[in-house]
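The residues making up each chain are set out below.
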Amino acid sequence: MRQLAERPEDVPAVFADRFNTGDPAAVAEVYESGAVFVPEPGSPLTGPQAQAANARFMALGLPITVRPRHVYAAGDTALLIVDWAIDGVDRDGQQVHIEGTATDVARRGRDGRWRYAIDNPFGVRSTIDG
């Protein structure tokens, strides 16, 4: 499993690697304390609710792919625009296709590692089929 990112442009790859392990605790480490996760437009969550929402995506049992489009850093804060997709047949045999272009904010912690402060996976566009 990948270590936490040392550069802001690596945060999406660290997230994907940990997501694809199926371990919600590993994914939770990619977020700073108090981070916001927006599992659907207009529904920001924090803490245990955010972790549970992320776990629901992971429960599909399908890998996520990520393609960072833009990363803009200013000091210890970065804006990330990331294309992503979850695609395949879930554990119930249903075809699933979820994709979006995330608008995320990452911050460098005191340990020098970058974590999500805001993870808004449906920030720019989204498609949910299945």
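Every chain is numbered on its own, with residues counted from 1 as its sequence reads. Whole-chain, interface and lining totals are the exception, using all residues; otherwise, since this is a predicted model, local features are given only for residues with pLDDT of at least 70 and side-chain atom pairs are given and counted only at 80 or more. The basis for every side-chain value is the complete set of heavy atoms in the structure, and neither hydrogens nor water enter the calculation.

Asker: Explain the packing of helix α1 (residues 11–19) against helix α3 (residues 47–58) to me, please; I cannot follow it from the model alone.
Answerer: Each pair of packed helices gets described by two things: the angle between the helix axes and the distance between those axes. Interaxial angle, 0 to 180 degrees, is taken between N-to-C directions of lines fitted to C-alpha atoms, where a helix line uses only the stretch in contact. The helix count covers DSSP runs of H or I at least four residues long, the strand count covers runs of E at least two residues long, and both are numbered beginning at the N terminus. The contact between α1 and α3 brings their axes to 11 Å, and the two run at 65°. By the angle class used here, α1 and α3 are roughly perpendicular. Contacts between α1 and α3 involve Phe15, Arg18 and Phe19 from the former and Asn54, Phe57 and Met58 from the latter. Class assignment for the residues of the contact of α1 with α3 results in four nonpolar, one polar and one charged. Roughly parallel covers angles under 35 degrees, roughly antiparallel covers those over 145, roughly perpendicular covers 65 to 115, and oblique covers all other angles. Two residues qualify as a contact provided that any one of their heavy atoms is within 4.5 Å of a heavy atom in the partner residue. In the scheme used here, Gly and all other residues not listed as nonpolar or charged are polar, with Ala, Val, Leu, Ile, Met, Phe, Trp, Tyr, Cys and Pro taken as nonpolar and Asp, Glu, Lys and Arg as charged.

Asker: What am I meant to see in the pattern of salt bridges here?
Answerer: Salt bridge criterion: a side-chain nitrogen from Lys or Arg within 4 Å of a carboxyl oxygen from Asp or Glu. For the structure shown, the criterion picks out eight salt bridges. The shortest N-O distance in the salt bridge between Arg113 and Glu6 comes to 3.4 Å. Placement of the pair is Arg113 in the loop between β5 (95–108) and β6 (114–119) and Glu6 in the segment before α1, with a sequence separation of 107 residues. Exposure remark for Glu6: the relative accessible area of 54% places this residue in the exposed category. Between buried and exposed lies partly exposed: a residue is buried under 20% and exposed over 50% of the maximum accessible area for its type, with that area taken using a 1.4 Å probe on protein chains only.

Asker: Hey, could you run me through the nonpolar core in this one?
Answerer: As a rule of thumb, nonpolar side chains are buried together in soluble globular proteins. In this structure, Val11, Phe15, Phe19, Val30, Tyr31, Ile86 and Ile98 are the most contacted members of the largest nonpolar core, which totals 31 residues. Broken down by secondary-structure element, the contributors of at least two residues to this core are α1, β1 (31–37), α3, β4 (77–89), β5 and β6. If we ignore the near neighbours within four places in the chain, the residues touching Phe15 are Val27, Val30, Tyr31, Asn54, Ile64, Tyr116 and Asp119. Only buried Ala, Val, Leu, Ile, Met, Phe, Trp, Tyr and Cys residues count toward a nonpolar core, and they belong to the same one when joined by side-chain atoms within 4.5 Å.

Asker: I keep staring at the packing of aromatic side chains and nothing clicks. Help me out?
Answerer: Aromatic ring pairs are defined here through the distance separating the ring centres and the angle between the ring planes. Each aromatic pair joins two rings of Phe, Tyr and Trp (for Trp, the six-membered one) with centres within 6.5 Å, and gets the label stacked for planes under 30 degrees apart, edge-to-face for over 60, and tilted for any other angle. One pass over the full model with this rule turns up eight aromatic pairs. Here Trp84 and Phe122 contribute two aromatic rings whose centre-to-centre distance is 5.4 Å and whose plane-to-plane angle is 65°, an arrangement assigned as edge-to-face. Of this pair, Trp84 sits in strand β4 while Phe122 sits in the loop between β6 and β7 (125–129), placing them 38 residues apart in sequence. One aromatic cluster in this structure is built from Phe15, Phe19, Tyr31, Phe37, Phe57, Trp84, Tyr116 and Phe122.

Asker: Please clarify how the pairing of strand β3 (residues 64–74) should be interpreted in this entry.
Answerer: When a strand is regular, its side chains alternate between the sheet's two faces. Here 10 bridges tie β3 to β4, and the two strands are oriented antiparallel to one another. Bridging from a neighbouring strand, Tyr72 pairs with Leu79 of β4. Pairing between two strands requires that DSSP report at least two bridges joining them.

Asker: Which parts of the structure should I look at to understand α1?
Answerer: Residue pairs three or four apart in sequence face the same way in an α-helix, which turns once every 3.6 residues. In terms of burial, α1 is a largely internal element, seven of the nine residues being buried. Of the positions making up α1, those classed as buried are Val11, Pro12, Val14, Phe15, Ala16, Arg18 and Phe19.

Asker: Even after reading the chapter, I still don't get the pairing of β4, so can you show me in this structure?
Answerer: Counting the residues in the hairpin turn of β3 and β4 gives two residues, including Gly75, whose phi is positive at 65°. As judged from the 13 bridges shared by β4 and β5, these two strands associate in the antiparallel manner. If you follow Asp83 over to β5, its bridge partner there is Thr101. Linking two consecutive strands that pair antiparallel, namely β4 and β5, is a turn of five residues; a positive phi of about 80° is found at Gly93 within it.

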